[in-house]
Amino acid sequence: MTAPAYSSAPRGAGNFLPPVPVQRRWRDALRIWWREIDKVLLLLIGLLMAIGIVAVAAASPASADQLSTAKERVADFMFFKRHIVFQLMGLTLMIGLSFLNRDQARRLGILVGAVMLALLFVVPIIGEEKNGAKRWINVGMSLQPSEFLKPGFAIICAWILSWRLRDPGLPVVWYVTGLMGLIAGLLMLQPNLGDAILFGGIWLVMVLLAGVAWQRIGGLIGAGVGALGLAYVFYDNARHRIDGFLGGGTAFDQVDLAQRTITAGGWTGTGLWLGVRKMNLPEAHTDYIFSVIGEEFGLITCGLIVLLYCALVLRVLLRLVGEDNLFALLAATGLITQFGGQAFINMLVNLKLFPSKGMTLPLISYGGSSTLAVCFTLGLLLAITRRNPFLAREGGSLRDLIERKEPGA
């Protein structure tokens, strides 16, 4: 990795040699990256990934036992071994993306978002069906386009909303609202109500941050409640999940099993591989891995994991204080909303405080495309939040940033 730099040396009194290109070596790029990257954010990500390795090791035998048949036995640690591979791939992807500058991260996010949106159109036609839903495309591995569309959606929305700097009269909120409606409709065809709700949350946070008048907030909330009501009436998947959450039932009782599992270990847990209730828990290595952690490592450990997620979200928000680039502010906020929202929805489901949504716990749950998608998100986030510590920031309030125009606009 080389980049031309220029230097000049004095030739005499008031005379200088012409600029001479100097090749910047990869060590220089690495030093710049290490100086600008958020090391605390990297540490928090590493801690969650380490916890994920131990958690998948604990949950792997339970999931393997449920998939085993009388004719074929699945190896107890098959998911654990695969998880290590996916974690290494994801870590490599994340670190590589963090070397991008903001313009490169924006272009990549828009490109990936456009490609995944196109794939979302064909998922109901050629997608693989699992547990009654078509959300995956087989490309040598199961690829879930909606997982990679989440960071792409945040980047695209931030890009569109930042157009207000050049032309305050552009109806950018309507543009991103139309995009949100299109994506939600495609997700409901799979069906995938959980991701549709998460996309809605990302959209809501970003449009509010972009300067939507407070008077419209009530209307937006009312529209969301109305859409959920219509989904309950006309959308069987949503009705079944909500009914199962409110009243329980034999067909939709995963949340009850998860809640009983997470409390079975008490405050300190039963110990690694000593959990019993996890053996009856569906998707113990993915959607309900937080319950496995609760049974084997205790509620105290669960609380520490919640604190780690809170610290990661708070760290990004603190990093954005004084940010003088509207796109960076919106994009980073959208990406961390996606990451934090998915984590807290998963944990609330395990605690029986939210209907089952089929979402993994970021950086901890087992997953192929989901793990890579989370690392893709965090790689873009690390790239966008890179900051030269020696440069002064303009700062100012959010309203000042939104109303500020680019030079020459």
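Keep in mind the model is a prediction, meaning the values are calculated, not measured.

Cut-offs and rules
Residues numbered from 1 in each chain as written. Predicted model: local features only at pLDDT ≥ 70, side-chain atom pairs only at ≥ 80, totals over all residues. Heavy atoms only, no water. Helix = DSSP H or I, 4+ residues; strand = E, 2+ residues; numbered from the N terminus. Buried < 20%, exposed > 50% of the residue type's maximum accessible area, 1.4 Å probe, protein only. Contact = heavy atoms within 4.5 Å. Areas by Shrake-Rupley, 256 points an atom, 1.4 Å probe, with all protein chains shown as cover. Salt bridge = Lys/Arg side-chain N within 4 Å of Asp/Glu carboxyl O. Pairing = 2+ DSSP bridges. Expected span 1.5 Å × (residues − 1). Core = buried A, V, L, I, M, F, W, Y, C linked by side-chain atoms within 4.5 Å. Axes fitted to C-alpha atoms, helices over the stretch in contact; angles between N-to-C directions. Left-handed = near helix turned anticlockwise from the far one by under 90°.

Student: Describe in detail the overall build of the chain, supporting the description with residues and values.
Tutor: Broken down by element type, the chain carries 14 helices and seven strands. Here the chain holds 409 residues, and the buried ones make up 46% of them. Considering only contacts in the chain between residues 6 or more positions apart, those separated by 24 or more positions represent 72%. Looking at the chain as shown, the accessible area adds up to about 19800 Å², and 65% of this sits on carbon and sulfur atoms.

Student: Give a detailed account of the pattern of salt bridges, specifying residues and quantitative values.
Tutor: Summed over all chains, the structure comprises 11 salt bridges. Here Glu 36 and Arg 386 are joined by a salt bridge, their closest N and O atoms 2.8 Å apart. Of this pair, Glu 36 sits in helix H1 (residues 26-36) while Arg 386 is found in the loop between helix H13 (369-384) and helix H14 (398-403), placing the two residues 350 residues apart along the sequence. For Arg 386, a relative accessible area of 13% translates into the label buried. For Glu 296, the salt bridge is made with Lys 278, and the minimal N-O distance between the two is 2.5 Å. Linking Glu 296 in helix H11 (residues 289-319) with Lys 278 in the loop between helix H10 (254-262) and H11, this pair joins segments that are 18 residues apart in sequence.

Student: Please provide a residue-by-residue account of the environment of Gly 194, values included.
Tutor: Turning to its location among the elements, Gly 194 is positioned in helix H7 (residues 193-209). Its relative accessible area of 3% is what places Gly 194 among the buried residues. Along the backbone, Gly 194 and Pro 355 are 161 residues apart, and their C-alpha atoms lie at a distance of 9.2 Å. Here Gly 194 is in contact with Lys 357 and Met 359, once residues within four sequence places are set aside.

Student: Tell me about the pairing of strand S6 (residues 133-138), residues and numbers included.
Tutor: Of the strand pairs in this sheet, strand S5 (residues 128-130) and S6 are connected by three bridges, and their pairing is antiparallel. In the strand pairing of S6, Glu 128 is matched with Trp 136. Alignment of S6 against strand S7 (residues 142-143), held across two bridges, turns out to be antiparallel. Each bridged residue has a counterpart across the sheet, and for Asn 138 the counterpart in S7 is Ser 142. Linking two consecutive strands that pair antiparallel, namely S6 and S7, is a turn of three residues; a positive phi of about 95° is found at Gly 140 within it.

Student: Outline helix H3 (residues 78-97), supporting the account with residue identities and numerical values.
Tutor: Note that an α-helix has 3.6 residues per turn; residues three or four places apart therefore point the same way. Compared with the 28 Å implied by 1.5 Å per residue over 20 residues, the 29 Å span of H3 between its first and last C-alpha is a close match. Residues of H3 that are buried make contact with helix H2 (39-67), helix H4 (102-126) and H13.

Student: Break down the nonpolar core for me, citing the residues and quoting the values.
Tutor: Judged by nonpolar contacts, the single largest core of 99 residues is most densely connected at Ile 45, Phe 153, Ile 183, Tyr 309, Phe 339 and Ile 364. Residue contributions to this core peak at 14 residues, all from helix H12 (residues 326-350). In contact with Phe 153, other than residues within four places in its own chain, are Leu 179, Met 180, Ile 183, Phe 199, Ile 202 and Trp 203.

Student: Describe unusual backbone geometry, and please don't skip the residues or the numbers.
Tutor: Of note in this structure, Glu 283 is not a glycine but carries a positive phi near 55°. Within the secondary structure layout, Glu 283 lies in the loop between H10 and H11. Classification of Glu 283 by relative accessible area gives partly exposed; the value is 34%. A positive phi angle is found at Leu 363, which is not glycine, with a value near 75°. The residue Leu 363 is located in the loop between H12 and H13 in this model. Exposure remark for Leu 363: the relative accessible area of 6% places this residue in the buried category.

Student: Provide a residue-level description of the packing of H7 against H12, including the pertinent values.
Tutor: Viewed as axis vectors pointing N to C, H7 and H12 meet at an angle of 145°, and their least axial separation amounts to 9 Å. For the pair H7 and H12, the crossing hand works out as right-handed. Between H7, through Leu 198, Gly 201, Ile 202, Val 205, Met 206 and Leu 209, and H12, the contact on the second element is made entirely by Leu 329, Leu 330, Thr 333, Gly 334, Thr 337, Gln 338, Gly 341, Gln 342 and Ile 345.

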